[in-house]
Amino acid sequence: MSRLIVVSNRIPGKTPAAGGLAVALKKTLSARDGFWFGWSGAFAETPSREAKFETIDGLQIGSIDLTKSDHQSYYAGFSNSILWPAFHLRLDLTDIHSHWYEGYRRVNVQFAEAIARHIKPDDIIWVHDYHLIPLATELRRRNIRNKIGFYLHIPFPTPDALNAIPHHEELLTDLLAYDLVGFQAQRDVAAFNEFIAHEEMYRQAGGTPFEIDLGNTVLEAFPIGSDPEAFSKLATSPNAQKMYKRVERSMNGRAMILGVDRLDYSKGLPQRVQAYEKLLENNANLRRAVHMIQIAPPSRDTIKEYQVISDELDTAVGRLTGRFAEPDWLPITYVKRAYSQASLAGLYRLARVGLVTPLRDGMNLVAHEYVGSQNPENPGVLVLSRFAGAAEIFHDALIINPFDTDETAEAMRQAIAMPLEERKQRWESLMTVAKTHNVDNWANSYLAALTGEEPPATDDDEP
Ligand code: ADQ
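Residues numbered from 1 in each chain as written. Predicted model: local features only at pLDDT ≥ 70, side-chain atom pairs only at ≥ 80, totals over all residues.

Student: When you look at the sheet that holds strand β9 (residues 255–260) in this model, what are you seeing that I'm missing?
Tutor: Hydrogen bonds between backbone atoms are what pair the strands of a sheet, whose relative direction is either parallel or antiparallel. The parallel open sheet is built from six strands, whose spatial order is β11-β10-β9-β12-β13-β14. Unpaired on one side and paired on the other, β11 (332–335) and β14 (398–400) mark the two borders of the sheet. Along the sheet, successive strands turn relative to each other by an average axial angle of 20°, direction set aside. Here four bridges tie strand β10 (residues 290–295) to β11, and the two strands are oriented parallel to one another. Following the sheet pairing, Gln294 is matched in β11 by Tyr334. (Pairing = 2+ DSSP bridges. Helix = DSSP H or I, 4+ residues; strand = E, 2+ residues; numbered from the N terminus. Axes fitted to C-alpha atoms, helices over the stretch in contact; angles between N-to-C directions.)

Pasting the structure below:
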């Protein structure tokens, strides 16, 4: 089997939220040999092009340091203040500074130079996410002819949103330097094709369109997943049980409604709190019978828009509490910190309702983890946004439009009232889907498409 080189913004082991994805990619990597490459997390005075290698958990990890100013332009700037909001259709939240693009490209060049000298002729290279779109172009410029694949973890934008991104034509050309561009959902492949159709329409109207020739590049959806069986075990592990029992005691028989998200404006958190407020407003009988827990550790908090969403959520939670709390009952617990996977699994298992209501999301792994953690004898109900990639596969969740807070409130009510039989039926179907779309199958099917090799047999295959 060829060696595999995985490239992502950060090297693994230093991003706590990476969770199952890092574990799955490490497993794939250890089966194939090769290395993982990314930013070390450290800053240098001058840009270094020499990768440092170390062995972590038996894996070869290569990294480089970046200068503070390049990192600012590349990461907080172009990647997370332009690409992230535009790809999530939040053009109102983009913050465009033209010099950020230069920093973004400089870092991609720096990555390419550091990696190129370590690539052997049969290696396959798998590049992850929007931070590194130009990497294949830069590697090709350095005469790398190997198979290079790209996977976009976030949604692909609509034509108008793409047109609002400075240098989007170059970025599209960059994508076509890959052999395979993988997306989370069919919706994203369709959005890419819609851009092509949009340019064609422009040509027919007499404009000068941007010509896209896909050449040999394959575009395909590979929905990512988690490891539901591992979550199922984890949810009954001693550490998960500790959390489960502690919170169960504090619930005192009330139904728990749970949200777990990075604190990000794409996750629809203020709308979710508003929907919960409507649930309490419209159903006086539920007021002392439910409790919502929202866990949302801050992320990217040097970026202004992330401070704004944090303040907005503080206000929404404060208003809700002031309006409905009683001296001996609080409607919501809002926790701004990260928890171990075991603690999360315990909470998922206890939650009668799992709220996954992003305004737009590539996939959303919390949905998968919630399903994996349920008790088969008494499962909870997943309330899922139609704008999460997960909605393309989890048809038996209660699917809602997160902008319609009446509808979300009604789905919460329905979830709480749902008879055990229906909960079991829905959960069994969701669990079957989560197992089929687990993270190992995701990595194997992506790599099979990139290399043309057969994917390894899975446990589900007939002998
Ligand atoms: P994210 O936007 O980070 O990922 P998500 O898919 O939900 O979103 O993954 C979040 C991960 O962080 C989960 O594994 C979750 O357990 C963990 N997490 C969240 N809150 C936590 C907390 N309080 N403590 C500890 N861990 C927490 C991006 C895209 C998604 C896509 C993934 C993977 O935005 O759409 O599904 O990549 O491709």
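Student: Any chance you could explain unusual backbone geometry here in plain terms?
Tutor: Most peptide bonds are trans, and most residues other than glycine sit at a negative phi. The phi dihedral of His167 falls on the positive side, at around 65°, and the residue is not glycine. Mapped onto the elements, His167 comes out in the loop between α5 (159–163) and α6 (168–175). A positive phi angle is found at Asn252, which is not glycine, with a value near 55°. Positionally, Asn252 belongs in the loop between α9 (238–251) and β9.

Student: How do you make sense of the domain arrangement of the protein when you look at a structure like this?
Tutor: Its domain assignment divides the protein into domain 1 (4–221) and domain 2 (228–436). Tallying contributions element by element places helix α2 (residues 68–87) first for the side of domain 1 that touches domain 2, with three residues. Along the lines of polarity and charge, the residues of the side of domain 1 that touches domain 2 split into eight nonpolar, eight polar and two charged. (Domains from an automatic or database assignment. Nonpolar A, V, L, I, M, F, W, Y, C, P; charged D, E, K, R; others polar.)

Student: How should the pairing of β10 be read in this particular structure?
Tutor: Successive residues of a regular strand alternate their side chains across the two faces of the sheet. Counting buried residues along β10, six of its six residues qualify, which places the element largely inside the surrounding structure. On β10, burial covers both faces: Val290, Met292 and Gln294 on one face and His291, Ile293 and Ile295 on the other are all buried. For β9 and β10, the ladder comprises six bridges, and the chain directions are parallel. Across the sheet, Met256 pairs through a bridge with His291, a residue of β10. One crossover worth recording links β9 to the parallel β10 by way of helix α10 (residues 269–282), and it is right-handed. (Buried ≥ 20, exposed ≤ 12 C-beta atoms within 10 Å, placed from the backbone. Right-handed = clockwise from strand over helix to strand, strands pointing away.)

Student: Can you help me understand the confidence of the model for the protein in this one?
Tutor: Detailed reading of the predicted coordinates is not advisable wherever pLDDT is low. Chain-level statistics for the protein give a pLDDT mean of 95 and a share of 97% at 70 or above. Within the protein, no element has a lower average pLDDT than helix α1 (residues 19–32), which sits at 80, and none a higher one than strand β13 (residues 381–385), at 99. As a predicted assembly, this complex carries a pTM of 0.96 together with an ipTM value of 0.99. (pLDDT = per-residue confidence, 0-100.)

Student: Can you walk me through the sheet that holds strand β5 (residues 124–128) in this structure?
Tutor: Ordered by their spatial adjacency, eight strands build an open sheet running β3-β4-β2-β1-β5-β6-β7-β8, and the pairing between neighbours is mixed. In this open sheet, the two strands that pair with only one neighbour each are β3 (52–56) and β8 (218–221). Averaged over all pairs of adjacent strands, the angle between their axes in this sheet comes to 25°, without regard to strand direction. By the bridge criterion, five bridges tie β5 to strand β6 (residues 147–151) in an arrangement that is parallel. Looking at the pairing, Val127 lines up with Phe150 of β6.

Student: What is the right way to read the pairing of β13 from this model?
Tutor: Taken across its five residues, β13 has five buried, putting it largely inside the fold. Residues Val381, Val383 and Ser385 line one face of β13 and the alternating positions Leu382 and Leu384 line the opposite face, and both faces are buried. Here strand β12 (residues 353–356) runs beside β13; their pairing, made up of four bridges, is parallel. Paired with Gly354 across the bridge in β13 is Leu382. Handedness of the crossover joining β12 and β13 through helix α13 (residues 365–372): right-handed. In this sheet, β14 lies alongside β13 in parallel orientation, the contact comprising three bridges. Looking at the pairing, Val383 lines up with Leu398 of β14.

Student: Honestly, the nonpolar core in this entry has me stumped. Any pointers?
Tutor: Where a protein is soluble and globular, its nonpolar side chains tend to be buried together. Counting 136 residues, the largest nonpolar core has Val7, Leu258, Ala367, Leu382, Val383, Leu384 and Met412 as the members making the most contacts within it. Ranked by residue count, the leading element in this core is α2, at eight residues. The contacts of Val383, once residues within four sequence positions are left out, are Val353, Gly354, Leu355, Val356, Thr357, Ala397, Leu398, Ile400, Ala411, Met412 and Ala415. (Core = buried A, V, L, I, M, F, W, Y, C linked by C-beta atoms within 7 Å. Contact = placed C-beta atoms within 7 Å.)

Student: So what exactly am I meant to see when it comes to the packing of α2 against helix α3 (residues 98–116) here?
Tutor: Packed helices, taken two at a time, are described by the angle between their axes plus the distance between the axes. Contact geometry for α2 and α3: axes closest at 8 Å, N-to-C directions at 110°. Relative to α3, the element α2 lies roughly perpendicular. Judged by the twist between their axes, the crossing of α2 over α3 is left-handed. Contacts between α2 and α3 involve Asp70, Ser73, Tyr74, Gly77, Phe78, Ser79 and Ile82 from the former and His99, Trp100, Tyr101, Glu102, Gly103, Tyr104, Arg106 and Val107 from the latter. Per-class residue counts for the contact of α2 with α3 are seven nonpolar, five polar and three charged. (Parallel < 35°, antiparallel > 145°, perpendicular 65-115°, else oblique. Left-handed = near helix turned anticlockwise from the far one by under 90°.)

Student: Looking at this structure, how should I read the packing of α9 against helix α12 (residues 341–350)?
Tutor: It is at 7 Å that the axes of α9 and α12 come closest, and there the two elements cross at 45°. It follows that α9 is oblique to α12 by the angle criterion. Crossing handedness for the pair α9 and α12: right-handed. Touching Asn239, Ala240, Gln241, Met243, Tyr244, Val247 and Glu248 of α9 are Ala342, Ser343, Ala345, Gly346, Leu347, Arg349 and Leu350, all from α12. Looking at side-chain class alone, the contact of α9 with α12 contains eight nonpolar, four polar and two charged residues.

Student: How do you make sense of α13 when you look at a structure like this?
Tutor: Quick reminder: α-helices carry 3.6 residues per turn. Residues three or four places apart thus point the same way. For α13, the tally of buried residues reaches eight of eight residues, placing the bulk of the element in the interior. Among all positions in α13, only Leu365, Val366, Ala367, His368, Glu369, Tyr370, Val371 and Gly372 are buried.

Student: It is not clear to me how helix α15 (residues 420–436) should be interpreted in this structure. Could you clarify?
Tutor: Taking 1.5 Å per residue as the helical rise, α15 with its 17 residues ought to reach 24 Å, and the 24 Å between its terminal C-alpha atoms agrees with that figure. Inspection of α15 places Arg426, Trp427, Leu430, Val433, Ala434 and Lys435 among the buried residues, and these make up the whole buried set. For α15, the elements touching its buried residues are α8 (228–234), α13 and β13. (Expected span 1.5 Å × (residues − 1).)

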